[in-house]
Amino acid sequence: MAYVSKKEDESGLSSYYNNKTTIIQEARVFNDSPISPRKCRALLTRIVYLLYIGETFSAQEATTLFFGTTKLFQHKDSALRQMVYLAIKELATTAEDVIMVTSSIMKDMQPNSEVIYRPNAIRALCRIIDPSMAQGVERFFKAAIVDRTPSISSAALVSSYHLFPLAKDVVKRWVNEAQEAVSAKSSSSFFPGSSGGGYLNFGSSGNSNSGYQPIPSTSYITQYHALGLLYLIRQQDRMAVTKMIQQLGGGKSGAGTTLKNSMALCMLIRYAAKVMEEDPNIQRQILDLLEGWLRHKSDMVNFEAARAICEMKNVNASQLTKPIAVLQLFLSSPKPVLKFSATRTLATLALTHPAAVASCNVDLENLITDQNRGVATYAITTLLKTGNEASVDRLMKQITGFMSEISDEFKVIIVDAIRSLCIKFPTKHVSMLAFLSGVLRDEGGYDFKRAVVEAMFDMIKFISDCKEQALSHLCEFIEDCEFTKLSVRILHLLGLEGPKAPQPTKYIRFIYNRVVLENATVRAAAVTSLAKFGVNAVDDGLRRSIGILLNRCLDDVDDEVRDRAAMYLRVMKETSLADTYVKEESVFSLAALESKLVAYVNDVDASTQPFDASSIPKISRAQLAAESTRPSTLDTIAAPTTRASASPPPPTAAETQSAYVQQLADIPHFAEYGTVLNSSVKPAQLTESETEYQVTCVKHIFKEHIVFQFNVSNTLPDTVLEQVVVVMQPQADSGLTEDVVFQIDSLSCANSPGIVYVSFKRDDPQEYTTTSFQCILKFISKELDPSTGRPEEEGYEDEYQLEEVELSAGGDYIIPSYASFSSEWDRLRSGATATETFSLGAMESIKAACDSIIELLNMEPLGGTEAPSSTSVHTLQLSGLVTGGGGKVLVRCRMTFSRGQGVTLELGVRAEQENACALVVSVIGG
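Residues numbered from 1 in each chain as written. Predicted model: local features only at pLDDT ≥ 70, side-chain atom pairs only at ≥ 80, totals over all residues. Heavy atoms only, no water.

Enquirer: Hey, could you go over the overall build of the chain for me, with residue numbers and the actual values?
Expert: For the chain, the helix and strand inventory stands at 40 helices and 19 strands. The burial tally for the chain puts 49% of its 926 residues in the buried class. Sequence-distant contacts, at least 24 apart, represent 67% of the contacts inside the chain between residues at least 6 apart. Carbon together with sulfur atoms contributes 51% to the accessible area of the chain, which is approximately 44800 Å² in total. (Helix = DSSP H or I, 4+ residues; strand = E, 2+ residues; numbered from the N terminus. Buried < 20%, exposed > 50% of the residue type's maximum accessible area, 1.4 Å probe, protein only. Contact = heavy atoms within 4.5 Å. Areas by Shrake-Rupley, 256 points an atom, 1.4 Å probe, with all protein chains shown as cover.)

Enquirer: Which residues make up the state of the cysteines, and what are the values?
Expert: This structure, assessed with the given rule, holds zero disulfides. Distance from the sulfur of Cys850, which forms no disulfide, to the nearest cysteine sulfur (Cys893) is 7.7 Å. Of the residues examined, Cys893 reaches a relative accessible area of 0% and is grouped as buried. (Disulfide = S-S within 2.5 Å.)

Enquirer: A description of the packing of aromatic side chains should follow, citing residues and the corresponding values.
Expert: Enumeration according to the criterion identifies 19 aromatic pairs in this entry. Seen in terms of ring centroids, Phe670 and Phe742 are 5.5 Å apart; in terms of plane orientation they differ by 80°. Their pairing is edge-to-face. Residue Phe670 is located in the loop between helix H36 (653–665) and strand E3 (678–679), and its partner Phe742 is located in strand E8 (residues 736–742); the two are separated by 72 residues in the primary sequence. Here Phe742 falls in the partly exposed class, since its relative accessible area comes to 26%. When the ring of Tyr673 is compared with that of Phe702, the centres are 5.4 Å apart and the planes differ by 80°; the resulting orientation is edge-to-face. (Phe/Tyr/Trp six-rings, centres within 6.5 Å; stacked < 30°, edge-to-face > 60°.)

Enquirer: I'd love a proper account of helix H31 (residues 559–573), names of residues and values included.
Expert: Between the first and last C-alpha of H31 there are 22 Å, a value that for 15 residues agrees with the 21 Å anticipated at 1.5 Å per step. Among the residues of H31, Val561, Ala565, Tyr568, Leu569, Val571 and Met572 are the ones counted as buried. Axial view of H31: buried residues confined to an arc of 160°, hence all on one face. Turned more than 90 degrees away from the buried face of H31 sit Asp563 and Lys573, all of them exposed. Where H31 is buried, its residues touch helix H29 (520–535), helix H30 (540–552) and helix H32 (575–581). In this structure Asp558 caps H31, since a side-chain oxygen of it lies 3.1 Å from the backbone nitrogen of Glu560. (Expected span 1.5 Å × (residues − 1). Arc of directions from axis to C-beta. Polar contact = N/O pair within 3.5 Å; in protein donor to acceptor, adjacent residues only side chain to side chain.)

Enquirer: I'd like a rundown of the side chain of Asp288, residues and numbers included.
Expert: Along the chain, the position of Asp288 falls in helix H15 (residues 283–293). A distance of 2.8 Å separates a polar atom in the side chain of Asp288 from a polar atom in the side chain of Arg284.

Enquirer: Describe helix H39 (residues 846–857), with residues and values.
Expert: With twelve residues, H39 ought to run about 16 Å at 1.5 Å a step, and its terminal C-alpha atoms sit 16 Å apart, in line with that. Taken as a whole, H39 has its buried residues at Ile846, Ala849, Cys850, Ile853, Ile854 and Leu857. Viewed along the axis of H39, the buried residues span an arc of 130°, placing them on a single side of the element. Looking one or two places after H39, you find Asn858, whose phi comes out positive at around 55°.

Enquirer: Residue-level account of unusual backbone geometry, with values.
Expert: At the junction of Ser33 and Pro34, the peptide bond is cis and its omega measures out at 0° in the coordinates. Structurally, Pro34 is set in the loop between helix H2 (20–26) and helix H3 (37–52). Even without being glycine, Asn314 reaches a positive phi, approximately 55°. By the secondary structure assignment, Asn314 is in the loop between helix H16 (299–310) and helix H17 (317–331). A relative accessible area of 76% places Asn314 in the exposed class.

Enquirer: Can you lay out the environment of Phe897 for me, pointing to particular residues and giving the numbers?
Expert: Mapped onto the elements, Phe897 comes out in strand E18 (residues 887–898). Between the C-alpha atom of Phe897 and that of Met843, which follows or precedes it by 54 residues, the distance is 8.9 Å. Look past the residues within four positions of Phe897 in its chain and what remains in contact with it is Met843, Glu844, Ser845, Ile846, Thr871, Ser872, Gly902 and Val903.

Enquirer: Give a detailed account of the packing of helix H21 (residues 373–386) against helix H22 (residues 392–402), specifying residues and quantitative values.
Expert: Orientation of H21 relative to H22, taken along the N-to-C sense of each, is 160°, at an axis distance of 11 Å. By the angle between their axes, H21 is roughly antiparallel relative to H22. In this structure, H21 meets H22 at a crossing whose hand is left-handed. Contact residues: Arg373, Ala376, Thr377, Ile380, Leu383 and Leu384 in H21; Leu395, Gln398, Ile399 and Phe402 in H22. Among the residues making up the contact of H21 with H22, the classes are represented as seven nonpolar, two polar and one charged. (Axes fitted to C-alpha atoms, helices over the stretch in contact; angles between N-to-C directions. Parallel < 35°, antiparallel > 145°, perpendicular 65-115°, else oblique. Left-handed = near helix turned anticlockwise from the far one by under 90°. Nonpolar A, V, L, I, M, F, W, Y, C, P; charged D, E, K, R; others polar.)

Enquirer: Mind laying out the pattern of salt bridges, listing which residues take part and the relevant values?
Expert: The full count for this structure, using the stated rule, is 33 salt bridges. Lys322 is paired through a salt bridge with Glu291; the nearest N and O atoms lie 3.6 Å apart. Placement of the pair is Lys322 in helix H17 and Glu291 in helix H15, with a sequence separation of 31 residues. The class for Glu291 is buried, based on a relative accessible area of 12%. Of the charged contacts in the structure, one is a salt bridge between Arg827 and Glu912, with a shortest N-O distance of 3.2 Å. Note that Arg827 is positioned in helix H38 (residues 821–827) and Glu912 in the loop between strand E19 (902–911) and helix H40 (914–925), a separation of 85 residues in sequence. One connected set of salt bridges, linked through shared partners, spans Asp416, Arg419, Glu454, Asp458 and Arg489. (Salt bridge = Lys/Arg side-chain N within 4 Å of Asp/Glu carboxyl O.)

Enquirer: I'd love a proper account of the side chain of Ser298, names of residues and values included.
Expert: Considering the arrangement of structural elements, one finds Ser298 in the loop between H15 and H16. Note on Ser298: relative accessible area 12%, which makes it buried. Engagement of the side chain of Ser298 in a polar contact is seen with the side chain of Ser262, the distance being 3.2 Å.

Enquirer: Any details on the environment of Met859? Residues and values, ideally.
Expert: Relative to the elements of secondary structure, Met859 occurs in the loop between H39 and strand E16 (860–861). Accessibility expressed as a relative area gives 3% for Met859, which makes it buried. Separated by 19 residues in sequence, Met859 and Leu878 place their C-alpha atoms 5.8 Å apart. What Met859 contacts, discounting residues up to four positions off in sequence, is Ile814, Pro816, Ile854, Leu878, Ser879, Gly880, Val889 and Val891.

Take a look at the structure:
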């Protein structure tokens, strides 16, 4: 039952009638003799209604009502018994000692019990029992799953689905019954009837309990529920899921499938799409099945198959022909839901394959005037993505016509389609900017106004011709903007772009108006924006004027505004401060800073030393903005969410390292090692993805130790691995001595992955050791007893050869860090320096050499130098930090390319420490 958070408005007699206190008092009717089924049904209905609208009962109240309800088991009225089970099911989560009613429920679950409320009993029992009782009711559920009555079979399957998280091992043994339910032929009954009083027997107070009245079932809904349970049981075994899909798919044409229920077929299609995404090797087989389902008699199945093909990874134009033809037929359908689903899917597809969708443009243009504005919105946004430059003005006029008739949600979709169109056709920026400025003045919520503002931000960033005009429109918008966040963002942009404009003074009036008229948050942002005009001003007169305005802010009532004004007045007087606080392009990575601060606070010994910020990598302001803002591109707003975008974004390198630090903190032995200096950003894969044992490796660098973390997964569901260890053999004279190994005691498919730790002591902590290790996975393999689910007593020792693990300079000792290259290069002139020349004959281009050097050194490329503009001469600039106190290191790679000789490289290195400089040279020198 889905609870709503808001109670419905009630007044007068209705409020009294459905009052919790009144209902609890009236519960005395459960004790009447004889029992009145009609009164009890009415009261139970009110109890369930209260629960539905969000009313809560205390444990004592719920328990009283629960056991009052159970007294009604002595009456045989079918409709009353159904209502009893519904109330019991909802009260069971709050009431106490509910397990006492188990025996009464199980009497109604008997296979020979020909009563209408047997499905209700099954659903209620699922809520009552605890995991330890699951094995005791196993035979009842098995019998119910294969029952010929659809309502009973569905109730058992759904209840099994809910029991699975609590008693996995027991429910997994029901796989044969679930398979039988999926493959079942036509069922013979629908709801067993009840003589006298009709189906629900309302108005009957006699003891009515008659047999079935078979009604043929045409829905086959049991197949849908059984398929869900089958997948839940097999979801960890990809091969079993693939086999299930192929068995139930019905062959290449789809005609041989045993599934008659459309929802079951749709679910099977989704499982097929998921398997295809995880294992590209079977894409061809799954694609044949999907194309067969495109010809199914059900529109639902046709659409699901078409959408699955459209959302495939790396789908090509030829594969899209058939699904687009199906969607094109839906566009002319009289059913609004088919038109909406087709336009929505085509809108998504048009982002990546506009040429393939262009064949539907004629049908889409007919839908622009559709009375369903959702259909019209998706139709016009799809046309914007697939159309050419000549059609832009015509489409813009049509959009303007119905913007006032659609909701903010669809307005956002339209605006973001135009946003992508601006980048695609920059010459049309005049009409599109006019449209955006017009809708910016219209009424609308925050999301809509934010979408318009971000569209203008993109135009300012990518189309220089419209920068001044767009900034003027934004200045007018903040004069009457009710959203603080948007005002702050626009003021920040004005501070960045305004000083670069030919006439920066025209923006100052708008900014200072915010200091006078707005709230404290906006006033503080306006002060910062004014200060940027003052610091970057070429004209001394403008600088003095800004100083006067900032002096006025010193009397502001808000301390943040006063403090900012005082700081920036000082900054404007001293160039060195201006370079640090206003013009500096690099900032600390916030995630890395947080991780280091947490480690510093938690380390008792570290409190005696000041916090060392030099080991924290820096990033550019553009990178910080990319990390801190949510995705706001057309992929996430203007198009419906797909499975790919529904998944959470991958964690950043600093967030990954924070997670590793937490895992290491759980091992007391590693607390003696001190703080983790660096951890691998990406785990190294030591096995093939298709093997039964999968192992990845993460390296953790400490001051005097190196810890290897092996994440081991066992994919065999019927095998348990015990005493799992990894034996590592380093190269001779590696400078490392094995310290300790932490094994996995038991590893099954269910608790994978497990972690094996292998620690080595560094003989010389000042030396950056680079070496490789031979690795062997050793374990004792034991089979699982299928009857008990426990491993057998005897097993056998086995081992598995893993890929070599490399301990390299770039991946393990050097961290990428942003810097201003020219100033830092000059600063490090007095430090450690080295210059070497190398011949890279195997490199076929300067771009290939740049990519290889960046990958080897794992350093941050600066100033866009990772993308050479010339094919013959180039200079690559890199910046990084060396762990363990190695400090900052900069690299300048001057390269020339000539055919036949490859790339000639002059490597210049400057660092704060001599060993860091030598480390970088050794990486390139091999």
